[in-house]
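Architecture and fold: a report
Spelled out from the first residue to the last, the chains are:
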Amino acid sequence: MLRLRDVSMTFNEGTFDEKKALLNINLNLREGEFVTVIGSNGAGKSTLMNVVSGNLFPDVGDIYINKKQVQTLPEYKRSALIGRVFQDPMAGTAPSMTIEENLAMAYTRNKKRSLKLGVTKKRKELFQDYLKTLNLGLENRLKAKVGLLSGGERQALSLLMATFTDPDILLLDEHTAALDPSRAELITALTKEVIEEFGLTTLMVTHNMQQALDLGDRLIMMDKGQIILDIHGEEKKQLSIEDLLKEFQRIRGEQFEDDRAVLG
Ligand SMILES: Nc1ncnc2c1ncn2[C@@H]1O[C@H](COP(=O)(O)OP(=O)(O)OP(=O)(O)O)[C@@H](O)[C@H]1O
Ligand SMILES: [Mg+2]
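Rules and cut-offs
Here the residue index of a chain counts from 1 through its sequence in written order. In the order they appear in the text, chains get letters beginning with A and ligands get numbers beginning with 1. Predicted model: local features are reported for residues with pLDDT of at least 70 only, side-chain atom pairs are reported and counted for 80 or more only, and whole-chain, interface and lining totals are derived from all residues. As a rule here, side-chain values cover all heavy atoms of the structure and leave hydrogens and water aside. In this analysis, strands are considered paired if DSSP registers two or more bridges between them. Segments assigned H or I by DSSP are reported as helices when at least four residues long, segments assigned E as strands when at least two residues long, and all are numbered from the N terminus. Here an angle of 0 to 180 degrees is reported between the N-to-C directions of two axes, which are lines fitted to C-alpha atoms, with helices fitted over the stretch in contact. When checking whether two residues touch, look at their non-hydrogen atoms; a contact exists if any pair is within 4.5 Å. Any residue with a heavy atom lying within 4 Å of a molecule or strand is counted as near it. What qualifies as a polar contact is a pair of N or O atoms within 3.5 Å, subject to a donor-acceptor requirement within protein and to the restriction that residues adjacent in sequence count only when both atoms come from side chains. Per-residue accessibility takes into account occlusion by the displayed protein chains alone, with areas from the Shrake-Rupley method and a 1.4 Å probe. Side-chain classes are defined by residue name, with Ala, Val, Leu, Ile, Met, Phe, Trp, Tyr, Cys and Pro counting as nonpolar, Asp, Glu, Lys and Arg as charged, and the others, Gly among them, as polar. A simple rule labels every residue: compare its accessible area, found with a 1.4 Å probe on the protein chains alone, to the largest value its type can have, and call it buried under 20%, exposed over 50%, or partly exposed in between.

1. Quick notes on the sheet that holds strand E3 (residues 34–38)
Taking strand neighbours across the sheet as the criterion, the six strands line up as E6-E7-E8-E3-E9-E10 in an open arrangement whose pairing is mixed. Two strands lie at the open edges of the sheet, namely strand E6 (82–85) and strand E10 (226–232), each paired on one side alone. Taking the axes of each pair of neighbouring strands and ignoring which way they run, one obtains an average angle of 15 degrees across the sheet. The pairing of E6 with strand E7 (residues 169–173) spans four bridges and is classified as parallel. In the sheet register, Val 85 faces E7, and the bridge partner there is Leu 172. Each of E3, E7 and strand E8 (201–205) is contacted by helix H6 (residues 181–198), which is oriented at about 170 degrees to E7, the strand it contacts most. Packing against the sheet, helix H9 (residues 241–252) makes contact with E3, strand E9 (218–223) and E10, and its axis sits at approximately 140 degrees to E10.

Here's what the structure looks like:
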């Protein structure tokens, strides 16, 4: 469903600030595979998401989504294939628009022009049904401006908007990191539910190693623009934080430095 072949990406190439953010990335995700991505600050996790979404373009390499070659397509031409939730609760939704307007926008993202925009009665009922599944009472607040919602409510809404069009790929970039622990837990549970229900092929970046172990069926660790560890199946189920730290030290010959990742 997602395939990256020899993808590299350099910022500020040829200047003093040159930074190789991705180095020869090869990655294949089967349909329905749920992959958690860990790695310290600056490892290249967000850059990986950005080249998949079309927010950034790789210097070299091929990217396929559902067999379609996309690496030169602009973001808006890939948007129907991709659902995305960012770390910043402000990023995924339009604050000055109402809940129903935001949902209508997401809903029509990959529909034909004739079906575009507007909140019809039928659509309103549909949105209410979707919102009910969040158990946050948002179905009774369709006319509320999204800017008035709490961070957790906005992330829940973003998640819904990212998934209810059944994208080929779901990209989650530390989407629970800005929330307090109980809200983060709620969004994590919702995430798991939606991914399972729709069988979504997912790449989820997290700084929390425990979360990366608990969720998904495959785990990759990135460091300095490379995928240095790729674990799935039974092996992933048996894995502990200690194993991950040991593996990192074995591969890199140095300690993994990120207390937030280890302590959650
Ligand atoms: N727009 C940019 N211009 C220049 N350098 C950038 C840019 N975006 C990212 N980088 C650099 O590329 C490298 C990878 O960044 P990236 O944001 O992908 O890391 P990350 O793994 O998501 O880190 P974090 O855990 O902090 O979010 C870093 O060294 C970063 O400083
Ligand atoms: Mg990042």
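From this point on, the discussion continues.
2. Brief notes about the site of ligand 1
The environment of ligand 1 is made up of 14 residues, and the closest members are Asn 41, Gly 42, Lys 45, Thr 47 and His 207. Between ligand 1 and Asn 41 there is a distance of 2.8 Å, counted from an oxygen atom to a side-chain nitrogen or oxygen. One of the side-chain N or O atoms of His 207 is found 2.8 Å from an oxygen atom in ligand 1. If ligand 1 stood free it would expose 630 Å²; the protein chains cover 64% of that surface. Every element with two or more residues in the shell around ligand 1 is listed here: strand E2 (19–29) and helix H1 (45–53). Element by element, the count of residues in the shell around ligand 1 is highest for H1, at three residues. Tallied by class, residues from the shell around ligand 1 come to three nonpolar, eight polar and three charged.

3. Concerning the pairing of E9
Of all six residues that make up E9, six are buried, and the element is covered over most of its length. Judged from the six bridges that link them, E9 and E10 form a sheet pairing that is antiparallel. If you follow Arg 218 over to E10, its bridge partner there is His 232. Hairpin connection from E9 to E10: two residues lie between these consecutive antiparallel strands, with Lys 224 at a positive phi of about 45 degrees.

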